[in-house]
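Examining the three-dimensional arrangement
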Amino acid sequence: MQTSPEAALHARYGAEQAPTAVWNDVIATLLAHRSVRAFTDAPLPAGTLEILVAAAQSAATSSNMQTWSVVAVEDAGRKALLAEWSGRQAHVAHAPLVLVWLADLSRAARIGAARGHDMVALPYTETAMVAMIDAALAAQNATVAAESLGLGTVYLGALRNRPEDVAAELYLPAQCFPVFGLCVGWPDPSHPSPLRPRLPQSVVLHRERYDTTHEADGIAVYDERFTAHQQAEGIRPVGWSSRVLDRLGAVRGLNGRERMRTVLAALGFPLD
Ligand SMILES: Cc1cc2nc3c(=O)[nH]c(=O)nc-3n(C[C@H](O)[C@H](O)[C@H](O)COP(=O)(O)O)c2cc1C
């Protein structure tokens, strides 16, 4: 189905947008993104996993160090465990494929060990950030590739509720951290996924210098639009900023992830 740029932008922002001549199929795919949490039983075509990983490996990677890896989980029992550990998110068990994206410094550590080289920069926070950024960029490339094929995806940050269990289940070596999962499958047409409007650009786009002049107005407008979106989706119409307050106004919203520094240290990321 072809959507005009104006219609796609309207859907993304929940408001009229100026027409644009800057457009192509890649941008159309990006603007059509929505998280999918209901999948059919249909399997993925042969070769899908490998092409998603090729797309992921085509992402930029800091200094070409490629400090990420991915574990593809298709086993029903293992997916059920990941679903359970992610706050019982049923779609994790139903997705034909769950990709677990790893910040992986263990490969560099093995290269250092094999050559008798002391890898003194590995324990630093900066190096951990490099690996996590690499993993995220790779995963997003796979996501865009999947969506371009008509597949649906949803990220699974809740894997970090129990990272040690995930690490043990997937036999992760030290210095290998599960950053998030990504469920991949065919979207169930009987449960269509809504496209969530985003903040107006006046809130997120700063020109030349950071400027919050239009922030409060922009957020007020967005709260109204998001409330209407929630109403249309049958979700409690509380707006957007109150969700931010809920999520970040109480430690409970971290679902156990408030221990992250300790967990990272235990998994080989001391964050020096
Ligand atoms: C790093 C990351 C972790 C996420 N974790 C979860 C998750 O555990 N469960 C879930 O249902 N959605 C998860 N999401 C999806 C977000 O809730 C979703 O992207 C956001 O609400 C915007 O909706 P949209 O993707 O449909 O536009 C995650 C997204 C990101 C980027």
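Residues numbered from 1 in each chain as written. Predicted model: local features only at pLDDT ≥ 70, side-chain atom pairs only at ≥ 80, totals over all residues. Heavy atoms only, no water.

**With respect to the overall build of the protein chain**
Convention followed: Only DSSP runs of H or I covering at least 4 residues are called helices, and only runs of E covering at least 2 are called strands; the numbering of each starts at the N terminus. Radius of gyration here uses only the C-alpha atoms, and the compact-globule reference equals 2.2 Å multiplied by the residue count raised to the power 0.38. Note on areas: Shrake-Rupley, 1.4 Å probe, and residue coverage restricted to the protein chains presented here. Positive charges come from Lys and Arg, negative ones from Asp and Glu, while His and the chain ends are left out of the count. A charged residue contributes its charge at one atom only: NZ of Lys, CZ of Arg, CG of Asp or CD of Glu.
Scanning the protein chain from terminus to terminus reveals twelve helices and four strands. For the protein chain, whose C-alpha radius of gyration is 20 Å, the value lies close to the compact-globule estimate of 19 Å for 272 residues. Taken along the three principal axes of its C-alpha coordinates, the protein chain extends 60 × 45 × 40 Å. For the protein chain, the exposed surface amounts to about 15,300 Å²; the carbon and sulfur share of it is 56%. Looking at charge distribution, the protein chain has the averaged site of its 23 positive side-chain charges lying 4 Å from that of its 27 negative ones.

**Some details on the pattern of salt bridges**
Put simply, the rule reads: The rule for a salt bridge is simple: a side-chain nitrogen of Lys or Arg has to be within 4 Å of a carboxyl oxygen of Asp or Glu. Only protein chains enter the accessibility calculation, which uses a 1.4 Å probe; a residue is then buried when its area is under 20% of its type maximum, exposed when over 50%, and partly exposed in between.
Per the counting criterion, the structure on display carries five salt bridges. Put simply, Arg78 and Glu169 hold a salt bridge, and the shortest N to O gap is 2.8 Å. One end of the pair, Arg78, is in helix H4 (residues 76–85); the other, Glu169, is in helix H8 (residues 163–169), with 91 residues separating them in the sequence. Between Arg88 and Glu84 there is a salt bridge, with the nearest N and O atoms lying 3.2 Å from each other. Residue class for Arg88 comes out exposed when judged on its relative accessible area of 63%.

**Things to note about the site of the ligand**
In plain terms, the rule: A cutoff of 4 Å decides nearness: a residue is near a molecule or strand if any of its heavy atoms lies inside that distance of it. N or O atoms within 3.5 Å of each other form a polar contact, as long as, within protein, one can give a hydrogen and the other can take it, and as long as residues adjacent in sequence are counted only when both atoms are side-chain atoms. Side-chain classes follow a simple rule in which Ala, Val, Leu, Ile, Met, Phe, Trp, Tyr, Cys and Pro form the nonpolar group, Asp, Glu, Lys and Arg form the charged group, and the remainder, Gly included, forms the polar group.
The full set close to the ligand counts 13 residues, and His33, Ser35, Arg37, Gly157 and Arg196 are the nearest of them. With respect to the ligand, the backbone of Gly157 contributes an N or O atom lying 2.8 Å from a nitrogen atom. The contact in question runs from an oxygen atom of the ligand to an N or O atom on the backbone of Ala158, over 3.2 Å. In isolation the ligand has 610 Å² of accessible area, and contact with the protein removes 69% of it. Of all the elements, strand E3 (residues 152–156) adds the most residues to the shell around the ligand, at three residues. Grouping the constituent residues of the shell around the ligand by class yields four nonpolar, five polar and four charged.

**Some words on helix H3 (residues 48–57)**
Under the convention used in this document: It is the directions from the helix axis to the C-beta atoms whose arc is reported. Any pair of residues with heavy atoms lying within 4.5 Å of one another is described as a contacting pair.
Of the residues making up H3, those classed as buried are Thr48, Leu52, Ala55 and Ala56. End-on, the buried residues of H3 take up no more than an arc of 100 degrees, which puts them together on one face. Turned more than 90 degrees from where H3 packs its buried face, Glu50 and Gln57 sit exposed. For H3, the secondary structure elements touched by its buried residues are strand E1 (68–73), strand E2 (97–104), helix H7 (125–148) and strand E4 (176–185).

**Some thoughts on the packing of aromatic side chains**
The description of an aromatic ring pair rests on the distance of the ring centres and on the angle between the ring planes. Which entries qualify depends on this criterion: Geometry of aromatic contacts follows a simple scheme: Phe, Tyr and Trp rings, the Trp one being its six-membered ring, pair when their centres are within 6.5 Å, and the pair is stacked under 30 degrees between planes, edge-to-face over 60, tilted otherwise.
Inspection of every chain in the model, using the stated rule, returns five aromatic pairs. Centroid distance Tyr155 to Phe180: 5.0 Å. Interplanar angle 85 degrees. Geometry classified as edge-to-face. In this pair, Tyr155 is assigned in strand E3 and Phe180 in strand E4, connecting sequence segments 25 residues apart. Judged by its relative accessible area of 29%, Tyr155 is partly exposed.

**Focus on a positive patch on the surface**
Cut-off, in case you're wondering: For patch building, the residue pool is restricted to those with more than 30% relative accessible area and no salt bridge; the joining distance is 9 Å between like charges and 5 Å between nonpolar side chains (Val, Leu, Ile, Met, Phe, Trp, Tyr).
A cluster of basic residues, Arg37, Arg196, Arg198, Arg236 and Arg243, forms a positive patch on the protein surface. Among the secondary structure elements, Arg236 is positioned in the loop between helix H10 (215–233) and helix H11 (241–248). For Arg236, a relative accessible area of 61% puts it in the exposed group.

**Overview of the sheet that holds E2**
Short version of the rule: Note: two strands are recorded as paired if DSSP finds a minimum of 2 bridges between them. The convention used is that axes are lines fitted to C-alpha atoms, helices contributing only their stretch in contact, and that angles between N-to-C directions extend from 0 to 180 degrees.
One open sheet holds the four strands; their spatial order is E1-E2-E4-E3, and the pairing between them is antiparallel. The sheet is open, and its two borders are formed by E1 and E3, each paired with just one other strand. On average, each strand axis in the sheet is inclined to that of its neighbour by 25 degrees, with strand direction left out of account. H3 rests against E1, E2 and E4 of the sheet, and its axis sits at about 165 degrees to E1.

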